[in-house]
Amino acid sequence: MSPVLLTITLNPALDLTGQLAQLQRGAVNVMTQGNLHPAGKGINVARVLKDLGGQVQVSGLLGADNQGEFQQLFAAEGLEDHFQVVPGATRINVKLVEADGEVTELNFPGIEVDEAAIAQLQQHLLALAARADLLVVAGSLPRGLSPERGAELLRALVAVGKPVLFDSSKAALTAGLTAGPFLVKPNEHELAEWAGRPLESRAALMAAAEGLQHKHGIQHVVVSRGADGVLWRAGEQWWRAQPPRMSVVSTVGAGDSMVAGLAWGLAQGWSIEQTLRLASAVSALAVTQVGVGVKDKAVLEAMLARIEVEQLA
Ligand SMILES: Nc1ncnc2c1ncn2[C@@H]1O[C@H](COP(=O)(O)OP(=O)(O)OP(=O)(O)O)[C@@H](O)[C@H]1O
Ligand SMILES: O=P(O)(O)OC[C@@]1(O)O[C@H](CO)[C@@H](O)[C@@H]1O
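It should be emphasised that the depicted structure is a prediction, and the values quoted were computed from it without experimental measurement. (Residues numbered from 1 in each chain as written. Chains lettered and ligands numbered in written order. Predicted model: local features only at pLDDT ≥ 70, side-chain atom pairs only at ≥ 80, totals over all residues. Heavy atoms only, no water.)

Peer 1: Hey, could you go over the pairing of strand β14 (residues 237-242) for me, with residue numbers and the actual values?
Peer 2: As paired elements, strand β13 (residues 230-234) and β14 share five bridges and run antiparallel to each other. Bridging across to β14, A234 finds its partner in Q237. Turn length for the β13-β14 hairpin, with the two strands adjacent in sequence and antiparallel, is two residues, and the turn residue G235 shows positive phi of about 60°. Bridge count between β14 and strand β15 (residues 308-312): five bridges; the pairing is antiparallel. (Pairing = 2+ DSSP bridges. Helix = DSSP H or I, 4+ residues; strand = E, 2+ residues; numbered from the N terminus.)

Now the structure itself:
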């Protein structure tokens with residue numbers, strides 16, 4: 001039986017991705033291509049998990065005014081919809097991709113919730129978590145949900161006893177870490193922000209990740225480094241993976257694809273090596289497209305063979 005995977009997106013987004021030669025600040029910029037699709041970190045993770053073969057439930061908060069676009073995606077992709085609908089519209093996030101691969105992201109604040117909605121969501125999520133095998137909590141928090149309240153919600157989910165994978169940033173990340181999730185995936189900049197100092201070498205990143213692990217009792221700390229691959233502190237071990245050089249269309253969603261690969265491998269009880277290879281392969285493929293997903297298994301197989309994975313001494 002395939003494990004039941006629950007992804008939670010508290011602040012989803014419609015991603016409006018535009019491509020252009022070079023962004024000119026303060027000028028009229030004419031896009032060469034555009035794409036609008038339902039997204040947000042946990043939803044992106046869910047799409048990849050579904051393509052990998054999972055039984056996937058999606059939950060979190062959705063604005064009533066534009067929920068239809070999300071529901072169409074969930075139906076089309078076979079994602080079990082457990083979102084709680086709240087008044088207002090889910091935000092639109094703008095991603096401007098230049099010809100050299102540089103991405104400028106304009107992420108908006110999104111829906112606003114009150115404590116009654118948060119308390120109702122918490123009960124709903126606890127019931128879903130009890131029936132799931134693994135949880136992914138990913139992305140920022142909507143207005144009205146403070147980092148401290150977000151951490152309280154995460155703590156309640158961790159207490160259910162299922163592995164919780166957590167991916168967030170800024171104050172929501174710092175507060176969420178205190179809940180002691182099973183795995184966190186900061187990118188190198190998020191880790192440096194948490195550490196409060198620049199982390200300019202592999203040794204510095206490793207020291208900070210170990211500091212984070214010990215401070216919060218977190219078993220797995222996965223530090224993603226864009227084209228430079230990933231460092232994974234797994235218990236007392238260190239692993240590293242390097243993807244091949246890719247031709248980049250958009251890097252948006254690469255981190256989410258990595259989280260999906262990690263979730264899939266861990267839910268299947270795979271080794272660190274096998275899990276890391278898959279997570280690196282799906283994330284490397286993510287940069288070759290707008291949006292996420294692994295529709296072509298042959299392409300994934302070929303990419304798996306091109307990922308360098310090693311355990312560090
Ligand atoms: N240019 C690239 N070439 C190959 N692989 C890449 C590239 N960029 C990202 N990846 C893969 O994706 C993983 C996650 O990327 P990154 O560290 O940028 O995550 P992130 O900042 O969380 O991403 P996101 O933009 O989705 O928030 C990397 O560890 C790597 O495996
Ligand atoms: O504001 P958050 O929740 O941190 O990030 C939201 C977001 O940038 O994350 C995804 C890519 O990782 C996008 O689909 C989405 O727009």
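Anyway, onward from the coordinates.
Peer 1: Talk me through unusual backbone geometry; I want residue IDs and the actual numbers.
Peer 2: The phi angle at K170 is positive, at roughly 55°, despite the residue not being glycine. Structurally, the position occupied by K170 is in helix α5 (residues 170-177). Note on K170: relative accessible area 55%, which makes it exposed. (Buried < 20%, exposed > 50% of the residue type's maximum accessible area, 1.4 Å probe, protein only.)

Peer 1: I'd like a rundown of the site of ligand 2, residues and numbers included.
Peer 2: The immediate surroundings of ligand 2 are formed by 16 residues, with D15, N93, K95, S140 and D256 found nearest. In the model, an oxygen atom of ligand 2 is placed 2.5 Å from a nitrogen or oxygen of the D15 side chain. G40 is positioned such that a nitrogen or oxygen atom in its backbone is 3.2 Å from an oxygen atom of ligand 2. With the chains in place, 92% of the 400 Å² that ligand 2 exposes on its own is no longer accessible. In terms of residue class, the shell around ligand 2 is made up of three nonpolar, seven polar and six charged. (Near = heavy atom within 4 Å. Polar contact = N/O pair within 3.5 Å; in protein donor to acceptor, adjacent residues only side chain to side chain. Areas by Shrake-Rupley, 256 points an atom, 1.4 Å probe, with all protein chains shown as cover. Nonpolar A, V, L, I, M, F, W, Y, C, P; charged D, E, K, R; others polar.)

Peer 1: How would you sum up empty space enclosed by the protein? Please name residues and give values.
Peer 2: For the coordinates displayed, the defined rule picks out two cavities of 30 Å³ or more. Approximately 110 Å³ is the volume attributed to the largest cavity. If you trace the largest cavity, you find 13 residues lining it, with L10, V137, L141, G150 and F166 closest to the centre. For the lining of the largest cavity, the elements supplying multiple residues, two or more each, are α4 (147-158) and α5. Considering every element that reaches the lining of the largest cavity, the biggest residue donor is α4, with five residues. Taken as a whole, the second largest cavity encloses approximately 60 Å³ of empty space. As for the second largest cavity, its lining consists of D15, T17, H37, A39, N44, S250, V252, G253, V290, G291 and V292. Of all the elements in the fold, those that place two or more residues in the lining of the second largest cavity are β2 (13-20) and β3 (33-39). Its residues assigned to classes, the lining of the second largest cavity comprises four nonpolar, six polar and one charged. (1 Å grid on protein atoms, 1.4 Å probe; cavity = no way out; pocket = protein on both sides within 12 Å on 5 of 7 lines; lining within 4 Å. Points joined across faces, edges and corners; volume = space filled by probe spheres on them.)

Peer 1: Residue-level account of the sheet that holds β3, with values.
Peer 2: An order of β3-β2-β7-β8 is seen for the four strands of this open sheet, with the pairing classed as mixed. Across the chains shown, the open sheet's two edge strands, defined by having one partner strand only, are β3 and β8 (103-106). This sheet shows a mean twist of 20° between the axes of neighbouring strands, independent of strand direction. As defined by bridge partners, strand β7 (residues 91-98) adjoins β8 across four bridges and the pair is classed as antiparallel. For K95, the partnering residue across the bridge sits in β8 and is E105. Running at roughly 80° to β3, helix α2 (residues 67-77) makes contact with β2 and β3 of the sheet. (Axes fitted to C-alpha atoms, helices over the stretch in contact; angles between N-to-C directions. Contact = heavy atoms within 4.5 Å.)

Peer 1: Outline the site of ligand 1, supporting the account with residue identities and numerical values.
Peer 2: Inspection of the region around ligand 1 gives 20 residues, with N187, S224, G226, G255 and S283 positioned closest. Between ligand 1 and the protein, one listed contact pairs an oxygen atom with a backbone N or O atom of G226 at 2.9 Å. Here ligand 1 loses 88% of its free accessible area of 630 Å² to cover by the protein chains. Going through the elements one at a time, α8 (254-267) and α9 (272-286) are the ones with two or more residues in the shell around ligand 1. Broken down by element, the shell around ligand 1 gets its largest block of residues, four residues, from α8. Residue composition of the shell around ligand 1, grouped by class: nine nonpolar, eight polar and three charged.

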